[in-house]
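Each chain, written out:
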Amino acid sequence: MTRAKRKADHITHALSTGFSGGNGLHDVRFVHNSLPETSLMEVDISTAIGELTLSSPIIINAMTGGGGKETETINRKLAQAAAATNAAMAVGSQMAALKDKAVENTYTVVRKENPNGCIFANLGSEATVDQAKAAVDMLEADALQIHLNVIQELVMPEGDRDFKGTVARISSISERIGVPVIVKEVGFGIAKEAAKELADAGVSIIDAGGQGGTNFSTIENKRREIPLDFFDSWGISTAASIAEIAQCKEKVSIIGSGGIKDGADIAKVIALGASAAGLAGSMLKVLKESGTDGVISYIETAKSQLQAVMTALGTPDIDSLQKAPLVISGETAHWLSERGIA
Ligand code: FNR
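From a predicted model like this one, the values you see are computed outputs, not experimental measurements.

## What to know about the overall build of the protein
Link 1 in the chain: Of the regular secondary structure elements, the protein holds 14 helices and twelve strands.
Link 2 in the chain: Relative to the compact-globule value of 20 Å for 342 residues, the protein shows a C-alpha radius of gyration of 19 Å, a close match.
Link 3 in the chain: In the protein, which comprises 342 residues, the share counted as buried stands at 56%.
Link 4 in the chain: Taking the intrachain contacts of the protein between residues at least 6 apart in sequence as the baseline, contacts between residues at least 24 apart amount to 75%.
Link 5 in the chain: Of the roughly 14,200 Å² of accessible surface on the protein, 51% is carried by carbon and sulfur atoms.

As structure tokens, then:
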């Protein structure tokens, strides 16, 4: 199967599989504040991840690798929505374009549509320093995302089977790339031990990519004869993973992602310790159903919802929202207690 066909299958299966649910955010509750002393008009949702400043915490997360006409169209429309809303946007894995210059358009269209926007390049952790530099140069990217997707590769019939040397490669890239490196999972979460290794390797931003949203085990199992379907329920939920990574909060900024749907979810991931939120599957669904204008209004609605929550809590900026009191129950509370995270 060609890479372009496999990536097209991902889009179809991501849309048909839907969210697996259970990203742990239902276990997270804000404490109502009857005296917020805040005005909606004064709420400021601008934020920073590492050395990047963003006008809002909403990131259109990586989705479209592989090259091909369908992915180019999706990238063009998402980039138009990103430009209209001033949202940061990641492209999907650029490996296809590094191997075949003919498909570069799939990615460069994002910079053409959004010349001044904040754009993240994207490669897998098998990338070399030279490939990482080429991916960043291709887009004049503001940061590089490196995705970790061990479970997806293992379940993928034609996937990688050797995961050695990842930290060393990430460390060399972080040292020599010249833009911030964001290491991200794709729906299985990142634990505090891995987060510490990444922080020690020079990574300044970690995207949780937690369990409970798009599920690449379910997606890849659809294409296997002998299923590895026990991986369908594998992983660290989004809520638990953010709390895990927050154990390294002094060293890294966190992007909360994995099944994020609306402004209330975004507020929760920020209160758990994230500085921004990544949305992939939900953006793709809105794009397919309602096009570029649908994505624009989806992002603007999420911003208004976030502002409403911040007003209610009396947290007029992202820093204060990160300190809002939370009550955590259920499986997430159990996970955090077992893992020694208060
Ligand atoms: C993805 N994702 C992804 N991530 C990445 O780093 N490089 C990639 O090429 C892709 N490709 C991709 C294709 C499709 C169709 C989807 C839906 C997703 C993973 C994505 O960025 C994100 O980490 C996960 O989807 C979890 O977030 P959501 O979907 O639950 O918001």
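## A word on the environment of Ile226
Link 1 in the chain: Structurally, Ile226 can be placed in the loop between α9 (216–221) and α10 (238–245).
Link 2 in the chain: Exposure remark for Ile226: the relative accessible area of 65% places this residue in the exposed category.

## Regarding the packing of helix α5 (residues 129–139) against helix α7 (residues 166–176)
Link 1 in the chain: Running from N to C, α5 and α7 point in directions that differ by 50°, and their axes come no closer than 9 Å. Classed by the angle they form, the pair α5 and α7 counts as oblique. Considering only the axes of α5 and α7, their crossing is right-handed. Together, Val129, Ala132 and Lys133 of α5 and Ser172, Ile173 and Arg176 of α7 make up the contact between the two elements.

## Some points on helix α4 (residues 105–113)
Link 1 in the chain: Of all the positions in α4, only Thr106, Tyr107, Thr108, Val109, Val110 and Arg111 are classed as buried.
Link 2 in the chain: Buried residues in α4 make contact with α2 (69–85), β5 (88–90), α3 (95–99), β6 (119–124) and α5.

## Digging into the site of the ligand
Link 1 in the chain: Neighbouring the ligand are 23 residues; Ala62, Met63, Thr214, Gly259 and Gly281 lie closest to it.
Link 2 in the chain: Here Ser93 contributes a backbone N or O atom positioned 2.9 Å from an oxygen atom of the ligand.
Link 3 in the chain: Protein chains shield 98% of the accessible area of the ligand, which is 610 Å² for the free molecule.
Link 4 in the chain: Sorting the residues of the shell around the ligand by element identifies α1 (3–17), β8 (181–185) and α12 (281–313) as the ones contributing at least two each.
Link 5 in the chain: A per-class count over the shell around the ligand returns ten nonpolar, eleven polar and two charged.

## Quick word on the pairing of strand β11 (residues 276–279)
Each regular strand displays side chains that alternate between the two surfaces of the sheet.
Link 1 in the chain: Residue alternation in β11 divides its side chains into two sets, Ala276 and Gly278 and Ala277 and Leu279, and both sets are buried.
Link 2 in the chain: Two elements, strand β10 (residues 253–257) and β11, share three bridges in a ladder whose sense is parallel. If you follow Ile255 over to β11, its bridge partner there is Ala276.
Link 3 in the chain: Between β10 and its parallel partner β11, the chain crosses via helix α11 (residues 263–271), and the hand of that crossover is right-handed.

## A closer look at the packing of aromatic side chains
Link 1 in the chain: Going through the model one piece at a time under the given rule, you end up with two aromatic pairs.
Link 2 in the chain: Seen in terms of ring centroids, Phe230 and Phe231 are 4.8 Å apart; in terms of plane orientation they differ by 50°. Their pairing is tilted.
Link 3 in the chain: On the basis of relative accessible area, Phe231 is assigned to the buried category, the value being 9%.
Link 4 in the chain: When the centroid spacing of 4.9 Å and the interplanar angle of 75° are considered together, the rings of Phe231 and Trp234 count as edge-to-face.

## A short note on the sheet that holds β5
Link 1 in the chain: Spatially, the eight strands close up into a barrel ordered β4-β5-β6-β7-β8-β9-β10-β11, and their pairing is parallel. Each adjacent strand pair in this sheet contributes to an overall mean axis angle of 25°, direction not counted.
Link 2 in the chain: Two strands pair when backbone bridges link them, and β6 and strand β7 (residues 143–148) are joined in this way by five bridges, in the parallel orientation. Across the sheet, Phe120 pairs through a bridge with Ala143, a residue of β7.
Link 3 in the chain: Its contacts with the sheet put α7 on β7 and β8, and the angle it makes with β7 is roughly 180°.

## Focus on the environment of Thr106
Link 1 in the chain: Tracing the backbone through its elements, the reader meets Thr106 in helix α4.
Link 2 in the chain: Sequence separation between Thr106 and Gly67 is 39 residues, and the spatial gap between their C-alpha atoms is 5.6 Å.
Link 3 in the chain: Once residues within four sequence positions are removed from consideration, Thr106 is found in contact with Gly67, Gly68, Thr71, Glu72 and Asn75.
Link 4 in the chain: For Thr106, the side chain forms a polar contact with the main-chain oxygen of Val103, separated by 2.9 Å.

Conventions we followed
Residues numbered from 1 in each chain as written. Predicted model: local features only at pLDDT ≥ 70, side-chain atom pairs only at ≥ 80, totals over all residues. Heavy atoms only, no water. Helix = DSSP H or I, 4+ residues; strand = E, 2+ residues; numbered from the N terminus. Rg over C-alpha atoms; globule rule 2.2 N^0.38 Å. Buried < 20%, exposed > 50% of the residue type's maximum accessible area, 1.4 Å probe, protein only. Contact = heavy atoms within 4.5 Å. Areas by Shrake-Rupley, 256 points an atom, 1.4 Å probe, with all protein chains shown as cover. Axes fitted to C-alpha atoms, helices over the stretch in contact; angles between N-to-C directions. Parallel < 35°, antiparallel > 145°, perpendicular 65-115°, else oblique. Left-handed = near helix turned anticlockwise from the far one by under 90°. Near = heavy atom within 4 Å. Polar contact = N/O pair within 3.5 Å; in protein donor to acceptor, adjacent residues only side chain to side chain. Nonpolar A, V, L, I, M, F, W, Y, C, P; charged D, E, K, R; others polar. Pairing = 2+ DSSP bridges. Right-handed = clockwise from strand over helix to strand, strands pointing away. Phe/Tyr/Trp six-rings, centres within 6.5 Å; stacked < 30°, edge-to-face > 60°.

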